[in-house]
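# Per-entry structural report
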Amino acid sequence: MDKDAKTNQDLRCVVCDSKENLKRCTRCKGVVYCCRQHQIQDWPSHKVACTPTQRTEPKKKVGEVTTDTCESNKNNASKSEISPNDVTGNNTDVTEFDDRPLRDIIFKKPRSYDVDSLAEFVIRYLNKKNFCVVDGVFSNKNLQKVLNEIKSLNSNGYLKLGRLSGGRTSGQDALKMTKTEVRNDTIYWAEGTESRHPNVNKVVQKMDSVLSALNSHLQGEYYINGRTKAMVACYPGNGSYYRRHVDNPSGDGRVITCILYLNKDWNAKEDGGILRIFSAQNESCYVDVSPEYNRMLFFWSDRRNPHEVQPAFRTRYAITVWFFDKTERERAKEESALEGISAIKNELVVLDLEKIENEKTQLERKIEQEAKKAIESLTQGELQALADLVKGHEEPKVVLTQMGISPSIQDPLLKVLEGL
């Protein structure tokens, strides 16, 4: 049992006020429960205030950990703690933040910052680690101009609440959705040519030149020939986040994610906001990228790199661009078009069936009305005579047909005759 929970006599289970067998929530450390069932019961109200506690490891010496090292780091949560992951289970699509300790990493630097050298450095680490971090690409003077433009965009209301892609390709705006329980950043999409932010455009042009130069190193596996608009993102602090996700889980064409961070004097231990990249092969392995000023991050956009932006407690700015592989993008567009055609055909089939059903109903009503008129034209004596003829006959409809009575009125006529 947690030592504090054992010695502090004021602690009680928030559900039943019990002081026995208390266990802390592993995520926020702020509440205690006497059993897992009571945490499950309280989770709908507690999750609103359940903010992860920042935990740190002893500071590493420079050079002790590099991008060449990925230590196995098991979650050593105390047995006297209950994890919110145990509470949510499979009943929600919201993934809880990984609460393992912050990992300080010293990233290697390229020998040169010219485009070809950068491209060679980036592809080497993409192939080796599935991601690459490069610090110091831009001059501080130019980057300050970029930051000023982004702050201006933000203060003038250009940044809107981020949305999730719901379509086959990332460009299907009609299928995008807002889910603040998954992400609550604000964003602005830039073509890279707008007059209101010339310095942001220069950043995008630099990204374009580096990614274009990668084609000579990709050995035909991919061919980069396009990109998305640039996403200018602001996490406004107060614990804003983007939960664990994969940028391109369904083959929409995005092959490489490129991010530039613009956050001066960022202290990940206090400010949070790290981007945690998980290993798709080994859940115990992860890498933390602090969103520090003048830092660029490149990683494969597909399932090789699940990642999350952990809660940020200071305003956090970044520019992200996704670059397309030509073959995958064309295939995704074709599949999206085919899905659209199929949906239209299905809609037409449904409409045709409805039309047929309506026509059938109208015809049945017309026959019913005509049968009613025909029956009403018969006298009581004529009806009684018909009833005597068909009474006890194995096939009364044959008798009526032989008498020249239309099949369309035989069923309603027989019902009348049965009542006589």
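Above: the structure in question.
The structure contained in this document is the topic of the report that follows. (Residues numbered from 1 in each chain as written. Predicted model: local features only at pLDDT ≥ 70, side-chain atom pairs only at ≥ 80, totals over all residues. Heavy atoms only, no water.)

## Focus on the overall build of the protein chain
- When you go through the protein chain residue by residue, the secondary structure sums to 11 helices and 15 strands.
- Scored against the burial criterion, the 420 residues of the protein chain give a buried share of 45%.
- Counting contacts in the protein chain only where the partners sit at least 6 residues apart, residues at least 24 apart contribute 76% of the total.
- Counting only carbon and sulfur atoms, one obtains 48% of the accessible surface of the protein chain, whose full area is about 23000 Å². (Helix = DSSP H or I, 4+ residues; strand = E, 2+ residues; numbered from the N terminus. Buried < 20%, exposed > 50% of the residue type's maximum accessible area, 1.4 Å probe, protein only. Contact = heavy atoms within 4.5 Å. Areas by Shrake-Rupley, 256 points an atom, 1.4 Å probe, with all protein chains shown as cover.)

## Brief notes about the nonpolar core
- Counting 46 residues, the largest nonpolar core has Met207, Leu262, Phe298 and Ile319 as the members making the most contacts within it.
- Element by element, the count of residues in this core is highest for helix 6 (residues 198–214), at eight residues. (Core = buried A, V, L, I, M, F, W, Y, C linked by side-chain atoms within 4.5 Å.)

## Quick word on helix 11 (residues 410–418)
- When helix 11 is considered as a whole, its buried residues turn out to be Gln410, Leu413, Leu414 and Leu417. Across the axial projection of helix 11, the buried residues extend over an arc of 100 degrees, all falling on one side. (Arc of directions from axis to C-beta.)

## Overview of the pairing of strand 14 (residues 307–312)
- Within strand 14, six of the six residues are buried, which leaves the element mostly enclosed by the surrounding structure.
- Sheet analysis places strand 9 (residues 240–245) next to strand 14, joined by three bridges and oriented antiparallel. Along strand 14, the bridge assignment pairs Tyr242 with Val309.
- The sheet contact formed by strand 11 (residues 275–278) and strand 14 spans three bridges and is antiparallel. Of the residues in strand 14, the one forming a bridge with Ile277 is His307. (Pairing = 2+ DSSP bridges.)

## Notes on the packing of aromatic side chains
- The final tally for this structure, using the stated rule, is five aromatic pairs.
- Relative to Tyr241, the ring of Phe97 has its centre 5.3 Å away and its plane inclined at 70 degrees; by these criteria the two rings are edge-to-face. Linking Phe97 in the loop between helix 3 (84–88) and helix 4 (115–129) with Tyr241 in strand 9, this pair joins segments that are 144 residues apart in sequence. Tyr241 carries the same exposure label as Phe97, and that label is buried.
- With a centroid separation of 5.0 Å and 50 degrees between ring planes, the pair formed by Phe121 and Tyr125 is classed as tilted. Of this pair, Phe121 and Tyr125 are both found in helix 4, four residues apart, which corresponds to roughly one turn of the helix. Each of the two residues, Phe121 as well as Tyr125, counts as buried. (Phe/Tyr/Trp six-rings, centres within 6.5 Å; stacked < 30°, edge-to-face > 60°.)

## Details of the sheet that holds strand 9
- Pairing in this open sheet of four strands is antiparallel, and the strands run 9-14-11-12 from one edge to the other. Each having just a single partner strand, strand 9 and strand 12 (286–289) make up the two edges of the open sheet. Within this sheet the neighbouring strands show an average axis-to-axis angle of 20 degrees, counted without direction. (Axes fitted to C-alpha atoms, helices over the stretch in contact; angles between N-to-C directions.)

## So, the environment of Asp208
- Along the chain, Asp208 turns up in helix 6.
- Taking C-alpha positions, Asp208 is 9.8 Å from Ile224, a pair spaced 16 residues apart along the chain.
- Leave out the neighbours within four places in its chain, and Asp208 touches Arg227 and Phe323.

## A word on the pattern of salt bridges
- Under the counting rule described, the total for this entry stands at 14 salt bridges.
- For Glu292, the salt bridge is made with Arg295, and the minimal N-O distance between the two is 3.6 Å.
- With relative accessibility at 32%, the residue Glu292 sits in the partly exposed group.
- Owing to a relative accessible area of 5%, Arg295 belongs among the buried residues under this scheme.
- In this structure, a network of salt bridges that share partners links the residues Asp98, Arg100, Arg276 and Asp288. (Salt bridge = Lys/Arg side-chain N within 4 Å of Asp/Glu carboxyl O.)

## With respect to the packing of helix 5 (residues 140–155) against helix 6
- Two elements in contact, helix 5 and helix 6, have axes whose closest approach is 7 Å; the angle formed by their N-to-C orientations is 120 degrees. As the angle between them shows, helix 5 and helix 6 are arranged oblique. For helix 5 against helix 6, the interelement crossing comes out left-handed. When helix 5 is examined against helix 6, the residues Lys145, Val146, Glu149 and Ile150 are found in contact with a partner set consisting of Pro198, Asn199, Val200 and Val203. (Parallel < 35°, antiparallel > 145°, perpendicular 65-115°, else oblique. Left-handed = near helix turned anticlockwise from the far one by under 90°.)

## A word on the packing of helix 4 against helix 6
- Relative to each other, helix 4 and helix 6 sit at 65 degrees, their axes nearing to 8 Å. Where helix 4 crosses over helix 6, the two elements pack in a sense that is right-handed. On helix 6, the residues that touch Val115, Asp116, Leu118, Ala119, Val122 and Ile123 of helix 4 are Lys206, Ser209, Val210, Ala213 and Leu214.
- Of the residues that constitute the contact of helix 4 with helix 6, the class distribution is eight nonpolar, one polar and two charged. (Nonpolar A, V, L, I, M, F, W, Y, C, P; charged D, E, K, R; others polar.)

## Quick look at the environment of Ile274
- For Ile274, the location among the structural elements is in the loop between helix 7 (268–271) and strand 11.
- Accessibility expressed as a relative area gives 4% for Ile274, which makes it buried.
- Separated by 38 residues in the primary sequence, Ile274 and Ala312 place their C-alpha atoms 7.6 Å from one another.
- Not counting chain neighbours up to four residues away, the residues in contact with Ile274 comprise Leu102, Ala268, Asp288, Val289, Ser290, Pro291, Glu308, Val309 and Gln310.

## A few points about the state of the cysteines
- Scanning the model with the defined rule gives zero disulfides in all.
- Cysteine Cys132 is unpaired, with the sulfur of Cys258 as its nearest cysteine sulfur at 10.0 Å.
- Note on Cys132: relative accessible area 1%, which makes it buried. (Disulfide = S-S within 2.5 Å.)

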